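Overview (structure and organization)
Here is what each chain is made of, one letter per residue.
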Amino acid sequence: MRLSTGIFGLDALLGGGIPKGYVIAVIGSYGTGKTILGIHFIYEGLKRGESCILLSLDEDEESIMRNARSVGMVLENFKNLEVVRLEALEVKKSFEKIENDLPELIRSLNASRMLIDSISILETLFSDAERYHMLSSLKRIMKSAGITAILTSEADKYLPTTSKYGILEYVCDGMICLKMVRKNELEEPTFGLEVVKMRGIKHSRKPKPYAITENGIVVYEEAEIL
Ligand SMILES: Nc1ncnc2c1ncn2[C@@H]1O[C@H](COP(=O)(O)OP(=O)(O)O)[C@@H](O)[C@H]1O
Ligand SMILES: [Mg+2]
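Now for a look at the structure at hand. These figures come from a predicted structure and were not determined experimentally.

1. Brief notes about the overall build of the protein
A tally of regular secondary structure across the protein gives eight helices and eleven strands. Expected size for 226 residues packed as a compact globule is a radius of gyration near 17 Å; at 17 Å, the protein falls within 12% of this value. With the principal axes as the frame, the protein shows a C-alpha extent of 50 × 40 × 35 Å. For the protein, buried positions account for 42% of its 226 residues.

2. Description of the sheet that holds strand E10 (residues 208-213)
Here we have nine strands laid out as an open sheet, ordered E5-E4-E6-E7-E3-E8-E9-E10-E11, and mixed in their pairing. Every interior strand has two partners, whereas the edge strands, strand E5 (81-85) and strand E11 (216-219), have only one. Each strand axis lies, on average, 20 degrees off the axis of its neighbour in the sheet, ignoring direction. With two bridges joining them, strand E9 (residues 190-198) and E10 adopt antiparallel strand pairing. Following the sheet pairing, leucine 193 is matched in E10 by lysine 208.

3. Focus: the pairing of strand E3 (residues 23-28)
With six of six residues buried, E3 is to be regarded as a mostly interior element. Two strands pair when backbone bridges link them, and E3 and strand E7 (residues 148-153) are joined in this way by five bridges, in the parallel orientation. Bridge pairing links valine 23 to alanine 149 in E7. As paired strands, E3 and strand E8 (residues 174-181) are joined by five bridges and run parallel to one another. Looking at E8, one finds that isoleucine 27 is bridged to cysteine 177.

4. Here we look at the site of ligand 1
Taken together, 14 residues form the shell around ligand 1, and within it Gly31, Lys34, Thr35, Ile36 and Ile212 come nearest. For the shell around ligand 1, the elements supplying multiple residues, two or more each, are helix H2 (34-47), helix H3 (61-70) and E10. It is H2 that provides the largest number of residues to the shell around ligand 1, a total of three residues. Across the shell around ligand 1, the residue classes break down as four nonpolar, eight polar and two charged.

5. Remarks on unusual backbone geometry
Following aspartate 117, the chain continues to serine 118 via a peptide bond in cis, the omega torsion being -15 degrees. You will see that asparagine 110, though not glycine, has its phi angle at about 55 degrees, which is positive. Owing to 10 C-beta atoms within 10 Å, asparagine 110 belongs among the exposed residues under this scheme.

6. Topic: the environment of glycine 216
Inspection of the secondary structure assignment puts glycine 216 in strand E11. As a C-alpha pair, glycine 216 and serine 112 span 104 residues in sequence and 22 Å in three-dimensional space.

Calculation criteria
Per chain, residue numbering runs from 1 following the sequence as it is written. Going through the entries in the order they are written, you letter the chains from A and number the ligands from 1. Side-chain atom pairs in this predicted model are given and counted only at pLDDT of 80 or more, local residue features only at pLDDT of at least 70, and totals for whole chains, interfaces and linings cover all residues. Strands are runs of DSSP state E lasting at least two residues, helices are runs of H or I lasting at least four, and both sets are numbered from the N terminus onward. Computation of the radius of gyration draws on C-alpha atoms alone. For the globule rule, the value is 2.2 Å times the number of residues to the power 0.38. Three classes are used. A residue is buried when 20 or more other C-beta atoms lie within 10 Å of its own, exposed when 12 or fewer do, and partly exposed in between, with C-beta atoms placed from the backbone. Note on pairing: DSSP must find at least two bridges between two strands before they are called paired. Every axis in this analysis is a line fitted to C-alpha atoms, fitted for helices over the stretch in contact. Angles between the N-to-C directions lie between 0 and 180 degrees. For each residue, a C-beta atom is positioned from the backbone; the residue is called near a molecule or strand if that atom sits within 6 Å of it. Three categories are distinguished: nonpolar for Ala, Val, Leu, Ile, Met, Phe, Trp, Tyr, Cys and Pro, charged for Asp, Glu, Lys and Arg, and polar for the others, with Gly belonging to the last.

Right, dumping it as structure tokens:
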């Protein structure tokens, strides 16, 4: 079974959406639309009456609601959304608490979709070995709860299809990369979306042009980047 991302062109690239129960990463540099992509996925679930969780490590609830509204998604209308604001430093200090509380939260809400936005700062706070433990523990929790999740994070500065620490692509079932390409410093950038990895799915790796509009992200799956 597939879960629609709420973005028509992206669903088409994935052959219908994200496979149920998958934990996927969305990476890109700042301003590429990672949060908006994640909000699309949550909003689509809300409209379908699914219970959704938004774990926010970057923005407070008001800022999330405002950003969503600016791209045409009014989250305040939905009772089936649980927004949890977490402070990365607190999560780092008591990661066991998250490990204990998260399964219960998912179960009590009977949630089917989750967005963790973003995991970047948290990743930065852990040492190499701890980071792997943290990410695989989160993944294990989501997998055993059967929830379908999107984690957003930074891409490597020089390799846009690699996550900053090179771990997420191994831990997650799939990864989508949002790239900003500037041919010339004085030109407007073009945006390209690439499905870098999606376990068990035949997908193209050709970057497709996308835009952020007042209705959110539009992926032109039949177009080519010029
Ligand atoms: N209504 C809108 N119309 C067009 N572009 C928008 C609109 N709202 C936000 N954006 C663009 O989206 C960007 C932010 O997207 P966001 O998902 O927060 O990026 P990220 O999470 O990758 O840093 C803004 O910098 C802006 O360029
Ligand atoms: Mg963001």
